[in-house]
Structure formats: structure tokens, C-alpha cells
Amino acid sequence: MDNASYHSAQTEKIPNTSSNKEEIKEFLQNNDLFFEESYTKKQLLEVLKTRQFTKKYNVDDMAKERGFQVLRLPPYHCNFNPIEMIWAELKSH
């Protein structure tokens, strides 16, 4: 699967530095990570880094329900995507 934005919609977005403080707090609570209400945004992000999270995508869940597994291609590596080779061949004719 390519890296189009509609293929990469996440089931639960993992907060980052551009997330607001309330979003980070909610994510930490949902994942049973302890923090003090008085923590700054920087401290909350440090708490977030104490556990490894993997991104979960909506498309992956839909495919899994139907018995398929999604293979994600690395960005900017069109040589791994067979459809790109076919398009290149078609464009030359």
C-alpha cells in the first residue's frame, strides 16, 4: 500500500509535540500511564516515551476483518511497487 493520506488514517493517533496538552493527557489515561495533573506538556511527552506504541491504521483493520494483511511500502521507493513499473511501461507507448 502506498503512503497516501487516506490510506494512513490512524485508528488512534499517537500524540506528538504538535498535540495539545489535553489530547496528550487523554491518550495517557486511555493507555494507563501515570502522570500528575501539574505536569507540563514536555513532561507529559516524556511519560509518553516510556512505552513503545505502534501505529494502527483504519485500512489495516478493515483488511484484517476480511482476511487480508496490508503491506506498507517505504516512502519514495517506487521500485518496490509493481504498479509503478506498469505505469512506466504504459507511458512509454
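Preceding block: the structure.
These figures come from a predicted structure and were not determined experimentally.

Visitor: Help me out: how do you make sense of helix α2 (residues 41-48) in this one?
Guide: Because each turn of an α-helix spans 3.6 residues, side chains separated by three or four positions in sequence point in the same direction. Those residues of α2 not exposed but buried are Leu44, Leu45, Val47 and Leu48. Buried residues along α2 cover an arc of 155° about the axis, so they all sit on one side. Tucked into the core, α2 has its buried residues touching α1 (21-30).

Visitor: Which parts of the structure should I look at to understand the environment of His77?
Guide: Note on placement: His77 falls in the loop between α3 (58-65) and α4 (82-91). Between the C-alpha atoms of His77 and Ala4, which are 73 residues apart in sequence, the distance is 14 Å.

Visitor: Would you mind showing me how to read a nonpolar patch on the surface here?
Guide: A contiguous nonpolar patch, built from Ile83, Ile86, Trp87 and Leu90 and spanning about 400 Å² of accessible area, is present on the exposed surface. Examined against the element boundaries, Leu90 turns out to sit in helix α4.

Visitor: Sorry if this is basic, but what is going on with the packing of aromatic side chains here?
Guide: Aromatic ring pairs are described here by two measures, namely the spacing of the ring centres and the angle between the planes. For the structure shown, the criterion picks out 1 aromatic pair. When the centroid spacing of 5.0 Å and the interplanar angle of 70° are considered together, the rings of Phe27 and Phe53 count as edge-to-face. Pair noted here: Phe27 is in helix α1 and Phe53 is in the loop between α2 and α3, with a separation of 26 residues, a long-range link. Residue class for Phe27 comes out buried when judged on its relative accessible area of 5%. The ring of Tyr57 has Arg72 sitting right over it, with the charged end atom 3.9 Å from the ring centre.

Visitor: Hey, could you run me through the side chain of Ser19 in this one?
Guide: By the secondary structure assignment, Ser19 is in the segment before α1. Classification of Ser19 as buried rests on a relative accessible area of 7%. Beyond its immediate stretch of four places on either side in the chain, Ser19 contacts Ile24 and Lys41.

The rules behind each value
The residue count restarts for each chain, going from 1 along the sequence in the order it is written. Since the coordinates come from a predicted model, pLDDT governs what is reported: local features require at least 70, and pairs of side-chain atoms require 80 or more to be given and counted, while whole-chain, interface and lining totals use all residues. Processing note: side-chain calculations cover all non-hydrogen atoms of the structure and skip hydrogens and water entirely. Any residue under 20% of the maximum accessible area for its type is buried, any over 50% is exposed, and the rest in between are partly exposed; the area is computed with a 1.4 Å probe on protein chains only. Think of it this way: any DSSP run of H or I at least four residues long counts as a helix, any run of E at least two long counts as a strand, and we number them from the N terminus. What the arc covers is the set of directions going from the helix axis to the C-beta atoms. Contacts are assigned to residue pairs that have any heavy atoms within 4.5 Å of one another. Only residues whose relative accessible area exceeds 30% and that take part in no salt bridge are eligible for patches, with like-charged residues grouped when within 9 Å of each other and nonpolar side chains (Val, Leu, Ile, Met, Phe, Trp, Tyr) grouped when within 5 Å. All accessible-area figures derive from a Shrake-Rupley calculation using a 1.4 Å probe, and residue coverage is judged against the displayed protein chains alone. For salt bridges, the criterion is a side-chain nitrogen of Lys or Arg within 4 Å of an Asp or Glu carboxyl oxygen. Stacked, edge-to-face and tilted labels apply to pairs of Phe, Tyr and Trp rings (six-membered ring for Trp) whose centres lie within 6.5 Å, assigned for plane angles under 30 degrees, over 60, and everything in between, in that order. Placement of a positive charge over a ring is assigned whenever Lys NZ or Arg CZ falls within 6 Å of the ring centre and within 35 degrees of the normal to the ring plane.

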